[in-house]
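Read off the chains here:
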Amino acid sequence: MESLFPFVVVAVFAVVAVFLLVRMFRHGGFRGMLFGAGVRRTVGEVEGASSGLMRTRVKVHVLDGAPERAVGVELVVKTFASYQMMPVALSASEARRLSAHLDAAARGQERA
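From a predicted model like this one, the values you see are computed outputs, not experimental measurements.

Asker: Quick rundown of the side chain of Lys-59? Include the residues and the values.
Answerer: Relative to the helices and strands, Lys-59 resides in strand S2 (residues 55–63). This buried residue, Lys-59, is left without a salt bridge; Glu-74 holds the nearest opposite charge, at 4.3 Å. Dropping the residues within four chain positions of it, Lys-59 is found in contact with Arg-31, Gly-44, Glu-45, Gly-72, Val-73 and Glu-74.

Structure follows, in structure tokens:
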């Protein structure tokens, strides 16, 4: 039983690695893998207010996925010793609602 443990660990690692590689090739790279759809093009990016050593950036992408994944929002936070990227895939209607909320916040209004 003890002699099978290293084999099982290597096998699980290999299955996970193959799964991730297949998703990367299917969706056109690392970003596509995280969004679950290929990135057709990047529409733009906005640099957030930086505080000390931390920089924040929001990128907006058009995704190749089905209508339920039409827009990709990528939040990137960089610090002195770290990099964090969080992808969010939105449908077209969800992206319009987010845009309306951002527009209302920029004007200082509340929106339901």
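Asker: Explain the pattern of salt bridges to me, using residue names and the numbers behind them.
Answerer: In this structure the tally under the stated criterion is six salt bridges. We note a salt bridge from Arg-57 to Glu-45, for which the minimum N-O separation is 3.2 Å. Taken as a pair, Arg-57 in strand S2 and Glu-45 in strand S1 (residues 39–47) lie far apart in primary sequence, twelve residues in all. We classify Glu-45 as partly exposed; its relative accessible area is 45%. Measuring nitrogen to oxygen at the nearest pair gives 2.3 Å for the salt bridge that ties Asp-103 to Arg-107. Within this pair, Asp-103 and its partner Arg-107 are both found in helix H3 (residues 92–107), separated by four residues, close to a single helical turn. The exposure class assigned to Asp-103 is partly exposed, which follows from its relative accessible area of 38%. Ionic contacts of the salt-bridge type, sharing partners, join the residues Glu-45, Glu-47, Arg-55 and Arg-57 into one network.

Asker: Outline the sheet that holds strand S3 (residues 71–78), supporting the account with residue identities and numerical values.
Answerer: Across the sheet, four strands lie side by side as S1-S2-S3-S4; this open sheet has antiparallel pairing. In the strand order of this sheet, the two ends are held by S1 and strand S4 (83–90), each with one partner. Mean inter-strand twist for the sheet, computed between neighbouring axes without regard to direction, equals 20°.

Asker: Account for a nonpolar patch on the surface, naming residues and giving values.
Answerer: Taken together, the side chains of Leu-4, Phe-7, Val-8, Val-12, Val-16, Phe-19 and Leu-20 make up a nonpolar region of the molecular surface, amounting to roughly 670 Å² of accessible area. Following the sequence through the fold, Val-8 ends up in helix H1 (residues 5–27). Among the residues examined, Val-8 registers a relative accessible area of 44% and is labelled partly exposed.

Asker: Describe in detail the pairing of S2, supporting the description with residues and values.
Answerer: Direction of pairing for S1 relative to S2: antiparallel, over a ladder of seven bridges. Its bridge partner being in S2, Arg-41 is matched across the sheet by Val-62. Examined bridge by bridge, S2 and S3 share eight bridges and lie antiparallel to one another. Each residue of the ladder has a partner; that of Val-62, found in S3, is Val-71.

Thresholds, definitions, all that
Here the residue numbering is sequential within each chain, running from 1 through the sequence in written order. Since the coordinates come from a predicted model, pLDDT governs what is reported: local features require at least 70, and pairs of side-chain atoms require 80 or more to be given and counted, while whole-chain, interface and lining totals use all residues. The basis for every side-chain value is the complete set of heavy atoms in the structure, and neither hydrogens nor water enter the calculation. In this description a helix means any DSSP run of H or I spanning at least four residues, a strand means any run of E spanning at least two, and both kinds are numbered starting from the N terminus. Any residue under 20% of the maximum accessible area for its type is buried, any over 50% is exposed, and the rest in between are partly exposed; the area is computed with a 1.4 Å probe on protein chains only. Under the convention used here, Asp and Glu are negative, Lys and Arg are positive, and both His and the chain ends fall outside the count. Salt bridges are counted wherever a side-chain nitrogen of Lys or Arg sits within 4 Å of a carboxyl oxygen of Asp or Glu. Between two residues, a contact is recorded if the distance between any of their heavy atoms is within 4.5 Å. Strand pairing follows a simple DSSP-based rule, namely that at least 2 bridges must link the two strands. An axis is simply a line fitted to the C-alpha atoms; with a helix, the fit covers only the stretch in contact. Between two such axes, the angle follows the N-to-C directions and lies from 0 to 180 degrees. Patch membership is restricted to residues that have no salt bridge and whose relative accessible area is over 30%. Joining uses 9 Å for like charges and 5 Å for the nonpolar side chains Val, Leu, Ile, Met, Phe, Trp and Tyr. The accessible surface values rely on the Shrake-Rupley method and a 1.4 Å probe; as for residues, cover is taken only from the protein chains in view.

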